[in-house]
Number of protein chains: 2
Amino acid sequence: MEKLAVIALGGNALLRDSQSGTIEEQEQNTFDTLENIIFLIEEGFNLVITHGNGPQVGNIVMRNDAGEQLYGIPHMPLDICVADSQGGIGYMIERMLLNVLKKHNINRNVLTLMTMVEVNPDDPAFSNPGKRIGKTFTEQEKETLQKDKGWTFKAETKSKGGYRRVVPSPAPRKIMNWEVIEKNARNGTIIIAVGGGGVPVYTDENGDIRASEAVIDKDLASAMLATQIKADRFYILTDVPFVYANYDTQEQKVLEFLNYSDTKKYLDEQAFGEGTMAPKIKAALQFIESGGKMSIITESTKLADKSYGTKITMEYDDADLHKYDFKKE
Amino acid sequence: MEKLAVIALGGNALLRDSQSGTIEEQEQNTFDTLENIIFLIEEGFNLVITHGNGPQVGNIVMRNDAGEQLYGIPHMPLDICVADSQGGIGYMIERMLLNVLKKHNINRNVLTLMTMVEVNPDDPAFSNPGKRIGKTFTEQEKETLQKDKGWTFKAETKSKGGYRRVVPSPAPRKIMNWEVIEKNARNGTIIIAVGGGGVPVYTDENGDIRASEAVIDKDLASAMLATQIKADRFYILTDVPFVYANYDTQEQKVLEFLNYSDTKKYLDEQAFGEGTMAPKIKAALQFIESGGKMSIITESTKLADKSYGTKITMEYDDADLHKYDFKKE
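Residues numbered from 1 in each chain as written. Chains lettered and ligands numbered in written order. Predicted model: local features only at pLDDT ≥ 70, side-chain atom pairs only at ≥ 80, totals over all residues. Heavy atoms only, no water.

### Topic: the interface of chain A and chain B
With 55 residues of chain A at the contact, the number on the chain B side is 55 residues. Of the roughly 4,800 Å² buried at the junction of chain A and chain B (both faces included), carbon and sulfur atoms supply 62%. In terms of surface lost to chain B, no three residues of chain A exceed Arg63, Tyr71 and Tyr91 of chain A, which account for 16% of the buried area on that side. For the interface between chain A and chain B, the tally reads 3 salt bridges. Joining chain A to chain B, the criterion identifies 25 residue pairs in polar contact (both at pLDDT 80 or more). Counting only elements with at least two residues in the side of chain A that touches chain B, the list comes to α2 (23–35), α4 (54–71), α5 (78–103), β3 (110–112), α7 (178–186), β10 (199–203) and β11 (209–211) of chain A. (Contact = heavy atoms within 4.5 Å. Buried area = accessible area lost by both parts, 1.4 Å probe. Salt bridge = Lys/Arg side-chain N within 4 Å of Asp/Glu carboxyl O. Polar contact = N/O pair within 3.5 Å; in protein donor to acceptor, adjacent residues only side chain to side chain. Helix = DSSP H or I, 4+ residues; strand = E, 2+ residues; numbered from the N terminus.)

Now the structure itself:
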């Protein structure tokens, strides 16, 4: 059986903070990121690619709002907006990947799947929305939108200023169609799935599948998929080449290799940024504690350089520290 | 080998002209339409479902325009808008279908795929845009948009009034990933694909796959898929239970059974509405002349009643006229 890797592309892999979000920028970022996964194919990995949708779904929600205001077009609920973003981003990744593969003379099918993810309708997240989406509003805009649309907001940090809409971010319970994803991936097709953490759904008391107005953390959903399809490696691509403990403090420490218990300890000590790195660490640990061999957190354009990246394994001995050469696989 | 059917859902199967386009309307229409395909599963068919995106992609394009005007969010090109619509509509069909299947105690996987479709960049359609998308504009709005965005417009009929944006509608040449679609469909998974006729792409002189600013006719793309995967039947669901020759004239004639040559003759005599039924007839004939056994054009909520629907076969003898019971399959 060939090896299988799940690669979660962060927002940064597709669209950088400093950019305005044009399609040309997104296509170039995506191409550059995807060039870094070629080495995995050359090393014999089958691949499943997942991706975030933060900036894109925020834009889609705002466009729905603007379309209703300017032209009276009914706005779509959040689940449709997430599904729209899976379509647009998934297609862009698929096309860029086919071009990257062609450049490297690699012949593989690429398949983009819409993905629903089951959540618990009683998840505590539904009474405590925490996931920021869309643009930043002034206090006055916020007041109007709260009244008109019933949206919930949270203040940004003092330095950033303003308010952003927050929606619930329930935990993923099951990636739908994971069997089909695994089967096709193990046949050599590169699968793009679980975009934006998947469209959140739940089963009601009649057994019907219903939409949920929420956004699932894409790293947690990707970790769950990696576990369900028994992947060997789980990559989380972000905007830093290493994880740091106590970033930007006197005790800042770069972390290249981590075992499970030390990572858990750092996490309990809140050594990772709560809204930024901590969720990625939790996703990485979830994969390891469910039997996955290694989670790697690194920068999207550094993936192909093995001297970068924080590698998390159950025991330190599980990783060959100097060569990043995992003979046990 | 089990029988295989391709079912192309028209705009009407998802959203009716008289409706404003809310998600609740779309979900109910979709559910009602999908209940009508259950009999095919019970008769032993594997299924591929395709769908239009006329009203939806028009709305997405308008929302992009409104988002740029109101909030300065960069607008996405047409290929991304089509891909967005594949995501949102595909997800909605997938979820509704799972609920319909559950209601009928049928256990099948359902898989929604993003689909790119190759077109010829030198297709004459690119110099003669003819496909209407999006809302109707006044003459003044049209003038402004022509100047600001370089869009092309066509006048609506006198009774409707106003102008609509037109984009090129090139002929489909190849459905990408048709092998994967066939393989998974023949394994019993119900596939949703080729949404909105697929995202049009072409291969440039360097071998790179590039996006095309166009919309492919979804019936022609569906006929091509049906041919490529060697489907037994091709259903085109629309808003009338039968095809009429010379509709709304003194020679109006309802057509229930048609052979290839008579259909071709009617087509040559322009007996079918140019912008409405003629393209569907062409798609139906394309499937038959490529070896398909039967194309059926009918109303989405009449599909399960075999006394409705226009059935097109190569020879009249190919259809059992009274029982619609195709023993040769």
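### Here's the deal with the packing of α4 of chain A against α5 of chain A
Residues and elements named next belong to chain A. Where α4 meets α5, the closest approach of the two axes is 9 Å, and the angle between their N-to-C directions is 125 degrees. Put simply, α4 runs oblique to α5. Both α4 and α5 take part in a crossing whose hand is right-handed. On the side of α4, the interface is formed by Gln56, Val57, Ile60, Val61 and Asn64, while α5 contributes Leu78, Cys81, Val82, Asp84, Ser85 and Ile89. (Axes fitted to C-alpha atoms, helices over the stretch in contact; angles between N-to-C directions. Parallel < 35°, antiparallel > 145°, perpendicular 65-115°, else oblique. Left-handed = near helix turned anticlockwise from the far one by under 90°.)

### Structural notes on the domain arrangement of chain A
All names here are of chain A. The assigned domain composition of chain A is domain 1 (3–120 + 173–323) and domain 2 (129–167). The contact between domain 1 and domain 2 buries some 720 Å² in all, and 74% of this surface belongs to carbon and sulfur atoms. For the domain 1 face of the interface with domain 2, the top three residues by lost area are Met62, Asp65 and Val215, together amounting to 49%. The residue Asp65 makes a salt bridge to Lys149 at a minimum N-O spacing of 3.3 Å. Counting the contacts that link domain 1 with domain 2 gives 1 residue pair in polar contact (both at pLDDT 80 or more). Among the residues making up the side of domain 1 that touches domain 2, the classes are represented as 4 nonpolar, 1 polar and 2 charged. (Domains from an automatic or database assignment. Nonpolar A, V, L, I, M, F, W, Y, C, P; charged D, E, K, R; others polar.)

### Some words on the packing of aromatic side chains
Two numbers describe a pair of aromatic rings. These are the distance of the centres and the angle of the planes. The final tally for this structure, using the stated rule, is 12 aromatic pairs over all chains. Look at Trp151 of chain A and Phe153 of chain A: their rings are 6.5 Å apart centre to centre, the planes differ by 45 degrees, and that puts the pair in the tilted class. Grouping residues by exposure puts Trp151 of chain A and Phe153 of chain A together as buried. Geometrically, the ring pair formed by Phe242 of chain B and Tyr308 of chain B is tilted, given 5.9 Å between the ring centres and 40 degrees between the ring planes. Within this pair, whereas Phe242 of chain B is found in the loop between β12 (233–238) and β13 (243–245), its partner Tyr308 of chain B is found in the loop between β16 (294–299) and β17 (310–313), the two being separated by 66 residues in sequence. For Phe242 of chain B, a relative accessible area of 13% translates into the label buried. Directly above the aromatic system of Tyr163 of chain A lies the positively charged group of Lys142 of chain A, at a separation of 4.2 Å from the ring centroid. Its guanidinium or amino end placed over the ring of Phe257 of chain A, Lys311 of chain A lies 5.2 Å from that ring's centre, counting from NZ or CZ. (Phe/Tyr/Trp six-rings, centres within 6.5 Å; stacked < 30°, edge-to-face > 60°. Buried < 20%, exposed > 50% of the residue type's maximum accessible area, 1.4 Å probe, protein only. Lys NZ or Arg CZ within 6 Å of the ring centre and 35° of its normal.)

### Section: the pairing of β12 of chain B
Residue and element names in this part refer to chain B. The element β12 is largely enclosed, with a buried count of 6 among its 6 residues. Every second residue of β12 is oriented toward a common face, with Arg233, Tyr235 and Leu237 on one face and Phe234, Ile236 and Thr238 on the other, all of them buried. By the bridge criterion, 5 bridges tie strand β1 (residues 3–9) to β12 in an arrangement that is parallel. Directly across from Ile7, in β12, lies its bridge partner Tyr235. (Pairing = 2+ DSSP bridges.)

### Topic: helix α10 (residues 277–289) of chain A
Residues and elements named next belong to chain A. In a regular helix each residue adds 1.5 Å, so 13 residues correspond to 18 Å; α10 covers 18 Å between its end C-alpha atoms and thus fits that length. Among the residues of α10, Met277, Ala278, Lys280, Ile281, Ala283, Ala284, Leu285, Phe287 and Ile288 are the ones counted as buried. Residues of α10 that are buried in the fold lie against α8 (218–228), β12 (233–238), β13 (243–245), α9 (260–268), β16 (294–299) and β17 (310–313). Two residues or fewer past α10, Gly291 is found with a positive phi of approximately 105 degrees. (Expected span 1.5 Å × (residues − 1).)

### What about the relation of the copies chain A and chain B?
The pair of chain copies shares a relation made of a rotation about an axis and a shift along it. With an RMSD of 0.1 Å, chain A superimposes on chain B once it is rotated by 180 degrees and translated 0.0 Å along the axis. Seen this way, the second copy is the image of the first under a two-fold rotation axis. Take the interface residues of chain A: 100% of them recur as interface residues in chain B, which is what a same-surface contact looks like. (Least-squares fit on C-alpha atoms with pLDDT ≥ 70 in both.)

### Digging into the sheet that holds strand β7 (residues 163–167) of chain A
Residues and elements named next belong to chain A. Pairing in this open sheet of 3 strands is antiparallel, and the strands run β5-β7-β6 from one edge to the other. Of all the strands in the sheet, just β5 (131–137) and β6 (152–155) have a single pairing partner and so form its edges. Across this sheet, the average inter-strand angle for adjacent strands is 40 degrees, counted without regard to direction. Bridge count between β5 and β7: 5 bridges; the pairing is antiparallel. In the sheet register, Ile133 faces β7, and the bridge partner there is Arg165.

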